[in-house]
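Here are the chains, one letter per residue:
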Amino acid sequence: MKFTYRAKNREGKVVDGIVDAANEFIARDLLKEKNLETISVKSKSFSLDNLVASLNRVSGKNLVIFFRQLSVMVSANIPLIKALKVLAKQTANPKLKLIVEEIYQDVDSGSKLSEAMAKHVAIFSNFFVNIIKAGEASGRLAEVLNYVADQQEKDQDLLSKIKGAMIYPSVILIGMFGGGMVMMVKVIPKLVEVFSSMGSELPWQTRAIIAVSEFLVSYWWLVVAIVIAIFMGIYYYGKTKSGRFVLSHIKFKIPVFGRMFKMVYVVRFTRSLYTLMIGGVPLVEALGIIQEIIDDPVYQEIFQKTQKDVNDGHPMMEELSKHPKYIPDVVYNMIGIGEQSGRMDEMLNRISEFYEKELNNMTNNIMVLIEPIIMVVLGVAVMIMVSAIFVPLYSMSAGV
């Protein structure tokens, strides 16, 4: 792949030329080996690699690997520029690879790591930028990178467990819906002729089932359109401010899962705040960053009010205690003890560890917790179908 470049030679004269390299990162390295100070490097032709990279997404797992490798190398006293250069060559994700190459070039040009990352907010949020900035200012960059790597690993582990917990009920619901549709569209229409030959009035539940079946067979396209419209309506309503709050409140009222969602946000809040504080980020600024990490409007509002109170000189516990539905009393009481004793980071770490264990137990036992609900729903559905189909058939056989 060919790149056009503009650079300065040893005499300070600006020169233009073309260099052949696999990517821009390697092109800049080649220019440096020729003792040329790069001003600009641009691709001369269409790059399939760049297109593939732009279509890729950077997952949480990719970031976990990146931060863990960077923290290990910096902790081993490998210079930051050299560590970034190694990572730029080794990173497997094409999109992250290009971003790491750009970060390396910026740091090599004199920028701080936090400044280079701040140019890629879609990948490195303010959480990463601010905590790394605090680590650079305090001279504890290696330690802070290790905290960030730990935080990312725990976040990924938490998300994996939540997704795993959601799979079982999702499969059950899809199976119930699919089975019900097959019964309505394929089985019931074949039984209508049998019921019609009986010559007697059918029970109300049988008539209702037949009516629904005939509607689905005749107007299936309308049903599909209505379902799509409902999902689209919920999606766009959820984009509005009021819609986000309404859907959030509904989410927290779902049996079993509502409590689990609250615990997830409590864990993310306490663990993220602990990581930011241990990294040297001031409390008021950390609470502002927390609002970007927590993607729920109810909790964002709580932490926004808490940030304002703390900024006005009030203890953090004061505002948190006003929301017992969302912040457990154990959390704000331990935070209050941490504020009084000056050991806030220790208390936050203990809270996050406690609720992580609770969340682990809950996700491991999720099938036991939701099994009664599923059994009741399945029982009601089976009872309706049995009474609608077999009661008329039994009446017919009894008449014979």
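Quantities reported herein were computed from a predicted structural model and do not represent experimental measurements.

**Student:** Which residues make up a nonpolar patch on the surface, and what are the values?
**Tutor:** Where nonpolar side chains cluster on the molecular surface, the patch consists of Phe215, Tyr219, Trp220, Trp221, Val224, Ile228, Met232, Tyr235 and Tyr236 and spans about 1000 Å² of accessible area. It is helix 10 (residues 220–237) that contributes the most residues to the nonpolar patch, 7 residues altogether. Take Trp220: it is sitting in helix 10. For Trp220, a relative accessible area of 54% corresponds to the exposed category.

**Student:** Tell me what's going on with the packing of aromatic side chains, and back it up with residues and numbers.
**Tutor:** Two aromatic rings, taken as a pair, are described by how far apart their centres are and by the angle between their planes. Counted under the stated rule, the structure contains 18 aromatic pairs. Pairing Phe67 with Phe128 gives two aromatic rings, centres 4.9 Å apart and planes at 25°, and the pair type is stacked. A residue pair is termed long-range when its members are at least 10 positions apart, and Phe67 in helix 3 (residues 60–75) and Phe128 in helix 7 (residues 126–138) qualify at 61 residues. The same class applies to Phe67 as to Phe128, namely buried. A ring pair is formed by Tyr299 and Phe303, whose centres lie 6.1 Å apart and whose planes are at 40°; its orientation type is tilted. Linking Tyr299 with Phe303, this pair stays in helix 14 (residues 297–311), spanning 4 residues, or about one helical turn. The class for Tyr299 is buried, based on a relative accessible area of 0%. Clustering of aromatic rings is evident, with ring pairs tying together Phe252, Tyr265, Phe269, Tyr299, Phe303 and Tyr326.

**Student:** I'd like a description of the nonpolar core, backed by residues and values.
**Tutor:** Counting 80 residues, the largest nonpolar core has Phe67, Leu70, Leu113 and Phe124 as the members making the most contacts within it. At 13 residues, the largest contribution of residues to this core is made by helix 12 (residues 257–278). In this structure Leu113 touches Leu70, Leu80, Leu84, Ile103, Val107, Ile132, Glu136 and Leu141, once residues within four positions along its chain are discounted.

Parameters at a glance
- Residues numbered from 1 in each chain as written.
- Predicted model: local features only at pLDDT ≥ 70, side-chain atom pairs only at ≥ 80, totals over all residues.
- Heavy atoms only, no water.
- Patch = residues over 30% accessible without salt bridge, like charges linked within 9 Å, V, L, I, M, F, W, Y side chains within 5 Å.
- Areas by Shrake-Rupley, 256 points an atom, 1.4 Å probe, with all protein chains shown as cover.
- Salt bridge = Lys/Arg side-chain N within 4 Å of Asp/Glu carboxyl O.
- Helix = DSSP H or I, 4+ residues; strand = E, 2+ residues; numbered from the N terminus.
- Buried < 20%, exposed > 50% of the residue type's maximum accessible area, 1.4 Å probe, protein only.
- Phe/Tyr/Trp six-rings, centres within 6.5 Å; stacked < 30°, edge-to-face > 60°.
- Core = buried A, V, L, I, M, F, W, Y, C linked by side-chain atoms within 4.5 Å.
- Contact = heavy atoms within 4.5 Å.

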